[in-house]
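Summary of the model geometry
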Amino acid sequence: MSETIALQNARSLARLNKALPDIFPAPVLQHALARRFTPPMPRLAVDSYWRLHPLRADRLARALAARTGAPAGWTWRLASKRERDLPATFRMPAAPYREKKHTLGPGFCCVCGQPAFRFGWHADLWEEGPNRKAQWHTACVTAWQFWNAPSDFVRILRRLQQRRCGQTGGRLWKTAEVDHRVPLFRVWREHRDTPWPELLGFWGLPNLQVINRDAHVEKCADEAGWRSRRAAAVV
Ligand SMILES: [Zn+2]
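This is a predicted model, so every value here is computed, not measured.

The rules behind each value
Residues numbered from 1 in each chain as written. Predicted model: local features only at pLDDT ≥ 70, side-chain atom pairs only at ≥ 80, totals over all residues. Heavy atoms only, no water. Helix = DSSP H or I, 4+ residues; strand = E, 2+ residues; numbered from the N terminus. Buried < 20%, exposed > 50% of the residue type's maximum accessible area, 1.4 Å probe, protein only. Contact = heavy atoms within 4.5 Å. Areas by Shrake-Rupley, 256 points an atom, 1.4 Å probe, with all protein chains shown as cover. Lys, Arg positive; Asp, Glu negative; His and termini not counted. Charge placed at Lys NZ, Arg CZ, Asp CG, Glu CD. Core = buried A, V, L, I, M, F, W, Y, C linked by side-chain atoms within 4.5 Å. Donors = N, O, S within 2.8 Å, 3.2 Å for Na, K, Ca; no water. Axes fitted to C-alpha atoms, helices over the stretch in contact; angles between N-to-C directions. Left-handed = near helix turned anticlockwise from the far one by under 90°. Nonpolar A, V, L, I, M, F, W, Y, C, P; charged D, E, K, R; others polar. Salt bridge = Lys/Arg side-chain N within 4 Å of Asp/Glu carboxyl O. Expected span 1.5 Å × (residues − 1). 1 Å grid on protein atoms, 1.4 Å probe; cavity = no way out; pocket = protein on both sides within 12 Å on 5 of 7 lines; lining within 4 Å. Points joined across faces, edges and corners; volume = space filled by probe spheres on them. Phe/Tyr/Trp six-rings, centres within 6.5 Å; stacked < 30°, edge-to-face > 60°. Lys NZ or Arg CZ within 6 Å of the ring centre and 35° of its normal.

What the protein contains, in helices and strands, is eight helices and two strands. Beginning at the N terminus, the succession of helices and strands in the protein can be written as α-α-α-α-α-α-β-α-β-α. Principal-axis analysis of the C-alpha atoms places the extent of the protein at approximately 70 × 45 × 25 Å. Residue burial in the protein is summarised as follows: out of 235 residues, 45% are buried. Put simply, of all contacts in the protein between residues at least 6 apart along the chain, 63% involve residues at least 24 apart. Accessible surface computed for the protein: about 13700 Å², of which carbon and sulfur atoms make up 52%. Seen as two clouds, the 38 positive and the 20 negative side-chain charges of the protein have centres 4 Å apart.

What follows is about the nonpolar core. With 56 residues, the main nonpolar core has Trp50, Trp76, Trp147, Trp196, Leu199 and Trp203 as its most contacted residues. Put simply, the parts of the chain that give this core at least two residues each are helix H2 (26–34), helix H3 (42–52), helix H4 (54–68), helix H5 (138–148), helix H6 (154–160), helix H7 (184–190), strand S2 (208–211) and helix H8 (213–234). Apart from the residues lying within four places of it in its own chain, the contact partners of Trp196 are Ala65, Gly69, Ala70, Trp74, Ala94, Ala95, Pro96, Tyr97, Val111 and Cys112.

This part covers H3. Those residues of H3 that sit buried are Pro42, Ala45, Val46, Ser48, Tyr49 and Trp50. On its buried face, H3 is in contact with helix H1 (2–19), H2, H4 and H5.

All of the protein donors around the zinc ion are Cys109 (SG), Cys112 (SG), His137 (ND1) and Cys140 (SG); their distances to the metal are 2.1 to 2.4 Å. Read in sequence order, the donor residues coordinating the zinc ion give the pattern C-x2-C-x24-H-x2-C. Taken together, the positions of Cys109 in the loop between H4 and H5 and Cys140 in helix H5 put the pair 31 residues apart, joining distant regions of the chain. In terms of burial, Cys109 and Cys140 fall into one category: buried.

The axes of two packed helices give the description: the angle between them and the distance between them. Remark: H3 packs on H5, axes separated minimally by 9 Å, with the N-to-C direction vectors making an angle of 35 degrees. Regarding H3 and H5, the two cross each other, and that crossing is right-handed. Of the residues in H5, those in contact with Arg43, Val46, Asp47, Trp50 and Arg51 of H3 are Thr138, Ala139 and Thr142. By residue class, the composition of the contact of H3 with H5 is three nonpolar, two polar and three charged.

Attention shifts here to the pattern of salt bridges. Under the definition given, this model contains eight salt bridges. A salt bridge links Lys219 to Glu223; the shortest N-O distance between them is 2.9 Å. Here the residue Lys219 and the residue Glu223 both occupy positions in helix H8, the gap between them amounting to four residues, near one helical turn. Each of the salt bridges in this network shares a partner with another, and the network as a whole consists of Asp179, Lys219 and Glu223.

This brings us to H4. Here H4 is 15 residues long and its end C-alpha atoms lie 21 Å apart, about the 21 Å a rise of 1.5 Å per residue gives. Among all positions of H4, only Pro54, Leu55, Ala57, Asp58, Leu60, Ala61, Arg62, Leu64 and Ala65 are buried. Packing partners of the buried residues in H4 comprise H3, H5 and H6. Where H4 ends, the next residue or the one after it, Gly69, has phi of about 75 degrees, a positive value.

Overall, the coordinates contain one cavity of 30 Å³ or more when judged by the stated rule. Reported here for the largest cavity is a volume of approximately 40 Å³. Its residues placed into classes, the lining of the largest cavity shows five nonpolar, three polar and no charged.

A word on the packing of aromatic side chains. Under the defined criterion, the tally for this structure stands at 13 aromatic pairs. Consider the rings of Phe24 and Phe119, whose centres lie 5.6 Å apart with planes at 80 degrees: the pair is edge-to-face. Note that Phe24 is positioned in the loop between H1 and H2 and Phe119 in the loop between H4 and H5, a separation of 95 residues in sequence. As far as the burial class goes, Phe24 and Phe119 line up, both buried. Judged by centre distance (5.7 Å) and plane angle (40 degrees), the ring pair of Trp50 and Trp121 falls under tilted. One end of the pair, Trp50, is in helix H3; the other, Trp121, is in the loop between H4 and H5, and 71 residues separate them in sequence. By the burial criterion, Trp50 is buried, and Trp121 matches it. Between the NZ or CZ atom of Arg186 and the centre of the ring of Trp226, over which it lies, the distance is 4.1 Å.

Shown next as structure tokens:
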């Protein structure tokens, strides 16, 4: 078995070396060579690098977005019958450059609004200008997945918390769940006017924690109580 993998990796490495441009991000190459299965193409090496570093991708995507800032006059709104291109729910990250009205066109990332270069990289290492075929940074693809489905990244988040419950500090059980410290419905209700991209922090690591299921149930009950009290107050 290991012989087969070694053989396959030798083949992949030959392909990778052949396709590798003179300039290539060093950490990605290092990462590729350390994989159990060597990615056979530079593009796959970049994808694999970000997939394995979702926290780095999250941080980078928010930093890139901070360079762009929000389009003038933009506010966070949800989809309606007339404006279907807006996010369907407040669970989806606020992304002005994914809206038709603010789209920046080919060569720009629809998540952060910065130019995208070869292999979806975020810096122009090749000095050849934006890649007109790209509309996402590879890092922003991973960040987007992380923001939309943080539960898929529970293992890395558990490790980050040294397997301690974010709510009680006790040991995390196998059944622990990813939680938004400030629940997204409250972000929508109370923090809607937070400037973008600071707003993105509510979907990213600064607002995520892994907590034990019983602590989660309790927290959700508190939140539900808060919601109904608030609804009663509105009535
Ligand atoms: Zn981006």
